[in-house]
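Observations on the three-dimensional arrangement
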Amino acid sequence: MSTAASPHQTIKFQQGQNIVLIGLSGPSSSGKTTVAKALTCLFENSILVHLDDFYIPDEQIPVDPIHQEKDWDCPEAIDFDKFVEYIENIKKGILSEVKTLESDVTLKLSKDEISEYRRKIPSTPDTLYVFVDGFMLFHDPEIISLFDLKLFFYASFDTLKYRRESRSGYNTEAGFWVDPPNYFENIVWPQYVKNHNYLFIDNDVNKELNTYAIKDLGLLSYQNESKTTLNDLIQWSIDSILN
Ligand SMILES: Nc1ncnc2c1ncn2[C@@H]1O[C@H](COP(=O)(O)OP(=O)(O)OP(=O)(O)O)[C@@H](O)[C@H]1O
Ligand SMILES: [Mg+2]
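Remember, predicted model here, so these are calculated numbers, not experimental data.

**Examining the overall build of the chain**
If you tally the helices and strands in the chain, you get 8 helices and 7 strands. Radius of gyration (C-alpha) of the chain: 17 Å, near the 18 Å computed for a compact globule of 243 residues. Each principal axis of the C-alpha atoms in the chain carries an extent, and together these give about 50 × 35 × 35 Å. Per-residue burial for the chain yields a buried fraction of 51% across its 243 residues. Once local pairs closer than 6 in sequence are excluded, the contacts in the chain between residues at least 24 apart make up 74%. Per element, the accessible surface of the chain, about 11,800 Å² overall, is 48% carbon and sulfur.

**A few points about the layout of surface pockets**
For the second largest pocket, the calculated volume is near 260 Å³. Considering the residues around the second largest pocket, the lining is formed by 15 residues, among which Asp53, Phe54, Tyr55, Lys82 and Lys99 are closest to the centre. Among the residues forming the lining of the second largest pocket, the class breakdown is 7 nonpolar, 1 polar and 7 charged.

**Some remarks on empty space enclosed by the protein**
For the structure on display, the rule yields 2 cavities of 30 Å³ or more. Of the pockets and cavities examined, the largest cavity occupies roughly 50 Å³. The wall of the largest cavity is formed by Gly26, Pro27, Ser28, Asp73, Phe135, Met136, Val188, Gln191, Tyr192 and His196. Residue composition of the lining of the largest cavity, by class: 5 nonpolar, 4 polar and 1 charged.

**Re the environment of Val130**
By the secondary structure assignment, Val130 is in strand β3 (residues 127-134). Under the relative-accessibility criterion, Val130 is labelled buried at 0%. Separated by 10 residues in the primary sequence, Val130 and Asp140 have C-alpha atoms spaced 20 Å apart. Residues in contact with Val130, not counting those within four places in the same chain, are Ile19, Val20, Leu21, Ile22, Ile47, Val49 and Ile90.

**A few points about the site of ligand 1**
Around ligand 1 sit 16 residues in total, of which Ser28, Thr33, Thr34, Tyr170 and Asn224 are the nearest. Within the contact set of ligand 1, an oxygen atom lies 2.8 Å away from a side-chain nitrogen or oxygen of Lys32. Burial of ligand 1 by the protein amounts to 79% of the accessible area it has alone, namely 630 Å². With 3 residues, helix α1 (residues 32-42) is the single largest residue contributor to the shell around ligand 1. Classifying every residue of the shell around ligand 1 by side-chain character gives 3 nonpolar, 8 polar and 5 charged.

**Some details on the packing of aromatic side chains**
Throughout the structure, instances matching the rule amount to 21 aromatic pairs. An angle of 20° between the planes, with centres 6.1 Å apart, marks the rings of Tyr55 and Phe135 as stacked. Of this pair, Tyr55 sits in the loop between β2 (46-50) and α2 (80-91) while Phe135 sits in the loop between β3 and α4 (141-144), and the two are 80 residues apart along the sequence. Seen from their ring centres, Phe138 and Phe152 are 6.1 Å apart, and the 40° between their planes marks the pair as tilted.

**Observations regarding the nonpolar core**
In terms of nonpolar packing, the biggest core is built from 49 residues, with Phe83, Val130, Val132, Phe147 and Leu219 touching the most fellow members. For this core, the leading source of residues is helix α6 (residues 183-196), giving 6 residues. Contacts of Phe83, omitting those with residues within four sequence positions, involve Leu51, Phe54, Val132, Leu137, Ile143, Leu146 and Phe147. One finds Val20, Leu24, Phe131 and Phe153 within the second-largest nonpolar core, a separate group that totals 26 residues.

**So, the packing of α1 against helix α8 (residues 230-242)**
Packing of α1 against α8 leaves a shortest axis separation of 10 Å and a crossing angle of 60°. Considered as vectors, α1 and α8 are oriented oblique to each other. Crossing of α1 against α8: the hand is right-handed. Here α1 contributes Thr34, Val35, Ala38, Leu39 and Leu42 to the contact with α8, which in turn contributes Leu230, Leu233, Ile234, Ser237, Ile238 and Ile241. Here the contact of α1 with α8 is built from residues that sort into 9 nonpolar, 2 polar and no charged.

Cut-offs used in this document
Residues numbered from 1 in each chain as written. Chains lettered and ligands numbered in written order. Predicted model: local features only at pLDDT ≥ 70, side-chain atom pairs only at ≥ 80, totals over all residues. Heavy atoms only, no water. Helix = DSSP H or I, 4+ residues; strand = E, 2+ residues; numbered from the N terminus. Rg over C-alpha atoms; globule rule 2.2 N^0.38 Å. Buried < 20%, exposed > 50% of the residue type's maximum accessible area, 1.4 Å probe, protein only. Contact = heavy atoms within 4.5 Å. Areas by Shrake-Rupley, 256 points an atom, 1.4 Å probe, with all protein chains shown as cover. 1 Å grid on protein atoms, 1.4 Å probe; cavity = no way out; pocket = protein on both sides within 12 Å on 5 of 7 lines; lining within 4 Å. Points joined across faces, edges and corners; volume = space filled by probe spheres on them. Nonpolar A, V, L, I, M, F, W, Y, C, P; charged D, E, K, R; others polar. Near = heavy atom within 4 Å. Polar contact = N/O pair within 3.5 Å; in protein donor to acceptor, adjacent residues only side chain to side chain. Phe/Tyr/Trp six-rings, centres within 6.5 Å; stacked < 30°, edge-to-face > 60°. Core = buried A, V, L, I, M, F, W, Y, C linked by side-chain atoms within 4.5 Å. Axes fitted to C-alpha atoms, helices over the stretch in contact; angles between N-to-C directions. Parallel < 35°, antiparallel > 145°, perpendicular 65-115°, else oblique. Left-handed = near helix turned anticlockwise from the far one by under 90°.

Below, the structure written as C-alpha coordinates:
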(Lines give C-alpha, C1' and ligand atoms only; values in the text may rest on other atoms or scores of the structure.)
(Ligands and ions follow the chains in the order given, each with its own letter.)
Protein backbone atom coordinates (compact mmCIF):
# COMPACT_ATOMS: atom_id res chain seq x y z
CA MET A 1 0.00 0.00 0.00
CA SER A 2 1.39 3.39 -0.76
CA THR A 3 0.26 6.85 0.15
CA ALA A 4 0.36 10.12 -1.67
CA ALA A 5 0.50 11.83 1.68
CA SER A 6 4.26 11.93 2.10
CA PRO A 7 6.31 13.44 -0.68
CA HIS A 8 9.47 11.82 0.59
CA GLN A 9 8.89 8.14 0.84
CA THR A 10 6.51 5.36 0.15
CA ILE A 11 5.52 3.56 3.32
CA LYS A 12 4.06 0.12 3.53
CA PHE A 13 2.25 -1.15 6.58
CA GLN A 14 3.95 -4.11 8.14
CA GLN A 15 2.23 -6.81 10.09
CA GLY A 16 2.37 -6.13 13.80
CA GLN A 17 3.64 -2.60 13.40
CA ASN A 18 2.84 -0.25 16.25
CA ILE A 19 0.88 2.69 14.85
CA VAL A 20 1.20 6.05 16.61
CA LEU A 21 -1.25 8.73 15.55
CA ILE A 22 -0.11 12.29 16.12
CA GLY A 23 -2.54 15.15 15.56
CA LEU A 24 -1.11 18.60 14.82
CA SER A 25 -3.77 21.24 15.07
CA GLY A 26 -4.35 24.91 15.71
CA PRO A 27 -5.43 27.99 13.79
CA SER A 28 -4.52 28.79 10.22
CA SER A 29 -0.86 29.78 9.82
CA SER A 30 0.14 28.48 13.23
CA GLY A 31 2.79 26.30 11.57
CA LYS A 32 1.08 22.88 11.48
CA THR A 33 1.93 21.92 7.92
CA THR A 34 5.46 23.25 8.19
CA VAL A 35 6.13 21.16 11.29
CA ALA A 36 4.22 18.10 10.05
CA LYS A 37 6.25 18.02 6.84
CA ALA A 38 9.50 18.31 8.76
CA LEU A 39 8.55 15.52 11.20
CA THR A 40 7.49 13.24 8.36
CA CYS A 41 10.90 13.71 6.84
CA LEU A 42 12.73 13.11 10.12
CA PHE A 43 10.95 10.03 11.50
CA GLU A 44 11.99 6.94 9.56
CA ASN A 45 8.60 5.22 9.26
CA SER A 46 6.07 7.97 8.89
CA ILE A 47 3.24 9.21 6.78
CA LEU A 48 1.48 12.54 6.58
CA VAL A 49 -2.26 13.02 6.33
CA HIS A 50 -3.82 16.43 5.66
CA LEU A 51 -7.32 17.22 6.90
CA ASP A 52 -7.54 19.66 3.98
CA ASP A 53 -7.87 16.63 1.70
CA PHE A 54 -11.24 15.90 3.33
CA TYR A 55 -13.10 19.07 2.36
CA ILE A 56 -16.58 18.61 0.94
CA PRO A 57 -16.91 19.63 -2.74
CA ASP A 58 -16.17 23.31 -3.41
CA GLU A 59 -19.71 24.13 -4.51
CA GLN A 60 -21.11 22.78 -1.21
CA ILE A 61 -18.87 24.82 1.08
CA PRO A 62 -21.15 26.83 3.43
CA VAL A 63 -21.53 30.52 2.72
CA ASP A 64 -21.12 32.88 5.67
CA PRO A 65 -24.49 34.62 6.10
CA ILE A 66 -23.03 37.97 7.10
CA HIS A 67 -20.08 38.34 4.76
CA GLN A 68 -21.53 36.28 1.90
CA GLU A 69 -18.20 34.50 1.38
CA LYS A 70 -17.45 30.80 1.25
CA ASP A 71 -16.54 29.68 4.76
CA TRP A 72 -13.62 27.27 4.48
CA ASP A 73 -12.92 27.52 8.19
CA CYS A 74 -16.02 25.99 9.77
CA PRO A 75 -16.21 22.30 10.77
CA GLU A 76 -19.16 21.81 8.37
CA ALA A 77 -16.78 22.35 5.44
CA ILE A 78 -15.04 19.06 6.26
CA ASP A 79 -16.39 15.58 5.59
CA PHE A 80 -15.69 14.30 9.10
CA ASP A 81 -17.44 10.97 8.53
CA LYS A 82 -14.96 10.22 5.74
CA PHE A 83 -12.03 11.54 7.77
CA VAL A 84 -12.87 9.53 10.90
CA GLU A 85 -13.34 6.39 8.83
CA TYR A 86 -9.98 7.00 7.19
CA ILE A 87 -8.22 7.41 10.55
CA GLU A 88 -9.99 4.41 12.07
CA ASN A 89 -8.89 2.33 9.10
CA ILE A 90 -5.30 3.42 9.64
CA LYS A 91 -5.60 2.20 13.24
CA LYS A 92 -6.63 -1.18 11.80
CA GLY A 93 -3.67 -1.15 9.41
CA ILE A 94 -5.63 -0.18 6.31
CA LEU A 95 -4.20 2.74 4.41
CA SER A 96 -5.84 3.95 1.24
CA GLU A 97 -4.39 6.50 -1.10
CA VAL A 98 -5.60 10.09 -0.84
CA LYS A 99 -5.10 12.52 -3.66
CA THR A 100 -3.46 15.39 -1.83
CA LEU A 101 -4.06 19.03 -2.65
CA GLU A 102 -1.44 20.23 -0.21
CA SER A 103 1.45 21.81 -2.05
CA ASP A 104 2.25 25.25 -0.76
CA VAL A 105 4.55 24.35 2.11
CA THR A 106 7.97 23.09 1.12
CA LEU A 107 10.33 21.40 3.50
CA LYS A 108 12.31 24.12 5.24
CA LEU A 109 15.28 22.09 6.49
CA SER A 110 18.77 21.86 5.05
CA LYS A 111 20.46 18.49 4.44
CA ASP A 112 22.74 19.11 7.41
CA GLU A 113 19.82 19.92 9.71
CA ILE A 114 18.02 16.77 8.57
CA SER A 115 21.05 14.57 9.34
CA GLU A 116 21.58 16.27 12.70
CA TYR A 117 17.96 15.73 13.79
CA ARG A 118 17.85 12.16 12.47
CA ARG A 119 21.00 11.30 14.40
CA LYS A 120 19.18 12.18 17.64
CA ILE A 121 15.98 10.27 16.90
CA PRO A 122 16.21 6.62 17.98
CA SER A 123 15.47 4.03 15.32
CA THR A 124 12.00 2.52 15.80
CA PRO A 125 11.49 0.09 12.91
CA ASP A 126 8.41 -1.41 14.58
CA THR A 127 6.59 1.91 14.85
CA LEU A 128 4.74 3.76 12.14
CA TYR A 129 4.19 7.44 12.93
CA VAL A 130 1.09 8.90 11.33
CA PHE A 131 1.18 12.69 11.39
CA VAL A 132 -2.20 14.32 10.86
CA ASP A 133 -2.17 18.00 9.99
CA GLY A 134 -5.46 19.86 10.33
CA PHE A 135 -6.99 23.16 11.39
CA MET A 136 -10.08 21.46 12.85
CA LEU A 137 -8.95 18.40 14.81
CA PHE A 138 -9.36 19.71 18.36
CA HIS A 139 -12.78 21.37 18.19
CA ASP A 140 -14.42 18.10 19.21
CA PRO A 141 -13.27 15.81 22.03
CA GLU A 142 -14.33 12.77 20.00
CA ILE A 143 -11.98 13.70 17.19
CA ILE A 144 -9.25 14.52 19.72
CA SER A 145 -9.59 11.02 21.17
CA LEU A 146 -8.54 9.50 17.84
CA PHE A 147 -4.97 10.61 18.48
CA ASP A 148 -2.29 9.18 20.71
CA LEU A 149 -0.51 12.52 20.87
CA LYS A 150 -2.11 15.92 20.42
CA LEU A 151 0.09 18.86 19.48
CA PHE A 152 -1.63 22.22 19.47
CA PHE A 153 0.08 25.20 17.83
CA TYR A 154 -1.29 28.65 18.32
CA ALA A 155 -0.37 32.33 18.07
CA SER A 156 -1.86 35.77 18.45
CA PHE A 157 -4.37 37.37 16.10
CA ASP A 158 -1.74 39.78 14.74
CA THR A 159 0.88 37.11 14.06
CA LEU A 160 -1.61 34.79 12.37
CA LYS A 161 -3.20 37.55 10.32
CA TYR A 162 0.18 38.70 9.07
CA ARG A 163 1.23 35.17 8.07
CA ARG A 164 -2.12 34.33 6.49
CA GLU A 165 -2.13 37.51 4.42
CA SER A 166 1.42 36.82 3.23
CA ARG A 167 0.23 33.62 1.57
CA SER A 168 -0.90 33.38 -2.02
CA GLY A 169 -3.84 31.04 -1.46
CA TYR A 170 -4.94 27.43 -1.23
CA ASN A 171 -5.44 24.61 -3.71
CA THR A 172 -8.99 23.33 -3.62
CA GLU A 173 -10.59 20.35 -5.29
CA ALA A 174 -11.89 22.51 -8.12
CA GLY A 175 -9.44 25.39 -8.25
CA PHE A 176 -7.43 27.82 -6.18
CA TRP A 177 -8.79 29.91 -3.30
CA VAL A 178 -7.49 33.40 -2.69
CA ASP A 179 -8.76 35.17 0.45
CA PRO A 180 -10.95 38.18 -0.30
CA PRO A 181 -10.11 41.34 1.69
CA ASN A 182 -10.55 41.00 5.49
CA TYR A 183 -11.14 37.25 5.23
CA PHE A 184 -8.89 36.57 8.22
CA GLU A 185 -10.76 38.83 10.64
CA ASN A 186 -14.20 38.11 9.17
CA ILE A 187 -14.06 34.33 8.82
CA VAL A 188 -10.81 32.60 9.78
CA TRP A 189 -10.25 34.06 13.25
CA PRO A 190 -13.94 34.02 14.38
CA GLN A 191 -14.28 30.35 13.39
CA TYR A 192 -11.06 29.49 15.18
CA VAL A 193 -12.28 31.28 18.33
CA LYS A 194 -15.79 29.82 18.20
CA ASN A 195 -14.50 26.26 17.88
CA HIS A 196 -11.52 26.44 20.24
CA ASN A 197 -12.33 28.86 23.06
CA TYR A 198 -13.54 25.94 25.21
CA LEU A 199 -9.89 24.86 25.44
CA PHE A 200 -8.70 28.12 27.01
CA ILE A 201 -8.80 29.69 30.45
CA ASP A 202 -11.92 31.90 30.71
CA ASN A 203 -12.84 30.84 27.14
CA ASP A 204 -10.29 33.40 26.01
CA VAL A 205 -7.96 32.27 23.20
CA ASN A 206 -5.50 35.01 24.23
CA LYS A 207 -4.88 33.13 27.49
CA GLU A 208 -3.37 29.70 28.10
CA LEU A 209 -4.97 26.29 27.71
CA ASN A 210 -7.25 25.35 30.60
CA THR A 211 -6.98 22.31 32.86
CA TYR A 212 -9.63 20.43 30.88
CA ALA A 213 -7.61 20.79 27.67
CA ILE A 214 -4.34 19.81 29.31
CA LYS A 215 -5.36 17.14 31.80
CA ASP A 216 -8.55 15.63 30.36
CA LEU A 217 -7.93 16.01 26.65
CA GLY A 218 -4.15 15.67 26.85
CA LEU A 219 -3.25 18.60 24.63
CA LEU A 220 0.35 19.76 24.48
CA SER A 221 0.66 23.31 23.23
CA TYR A 222 3.26 25.60 21.73
CA GLN A 223 2.83 29.29 21.11
CA ASN A 224 4.38 30.00 17.72
CA GLU A 225 4.88 33.75 17.62
CA SER A 226 7.22 35.61 15.30
CA LYS A 227 10.23 35.17 17.58
CA THR A 228 9.88 31.38 17.36
CA THR A 229 12.15 29.62 14.91
CA LEU A 230 11.32 26.54 12.90
CA ASN A 231 13.98 24.71 14.90
CA ASP A 232 12.22 25.62 18.17
CA LEU A 233 9.00 24.15 16.83
CA ILE A 234 10.59 21.00 15.48
CA GLN A 235 12.67 20.34 18.58
CA TRP A 236 9.66 20.79 20.86
CA SER A 237 7.61 18.44 18.67
CA ILE A 238 10.33 15.78 18.60
CA ASP A 239 10.75 15.99 22.37
CA SER A 240 6.99 15.71 22.84
CA ILE A 241 6.87 12.60 20.64
CA LEU A 242 9.88 10.89 22.20
CA ASN A 243 8.67 11.59 25.73
N1 LIG B 1 7.72 30.87 13.62
C2 LIG B 1 7.58 31.25 12.36
N3 LIG B 1 8.34 32.23 11.86
C4 LIG B 1 8.18 32.63 10.59
N5 LIG B 1 7.29 32.11 9.72
C6 LIG B 1 6.52 31.13 10.17
C7 LIG B 1 6.62 30.64 11.51
N8 LIG B 1 5.72 29.66 11.66
C9 LIG B 1 5.08 29.54 10.48
N10 LIG B 1 5.57 30.42 9.59
C11 LIG B 1 5.13 30.61 8.20
O12 LIG B 1 3.74 30.83 8.20
C13 LIG B 1 3.16 30.27 7.05
C14 LIG B 1 2.05 29.36 7.49
O15 LIG B 1 2.61 28.19 8.09
P16 LIG B 1 1.92 26.78 7.83
O17 LIG B 1 1.58 26.64 6.38
O18 LIG B 1 2.78 25.74 8.44
O19 LIG B 1 0.59 27.00 8.67
P20 LIG B 1 -0.66 26.05 8.88
O21 LIG B 1 -0.85 26.00 10.35
O22 LIG B 1 -0.46 24.77 8.16
O23 LIG B 1 -1.83 26.90 8.25
P24 LIG B 1 -3.17 26.41 7.45
O25 LIG B 1 -4.09 25.84 8.48
O26 LIG B 1 -3.73 27.65 6.86
O27 LIG B 1 -2.76 25.40 6.44
C28 LIG B 1 4.26 29.56 6.28
O29 LIG B 1 4.72 30.40 5.24
C30 LIG B 1 5.34 29.37 7.34
O31 LIG B 1 6.63 29.36 6.78
MG1 LIG C 1 -1.46 23.94 6.54
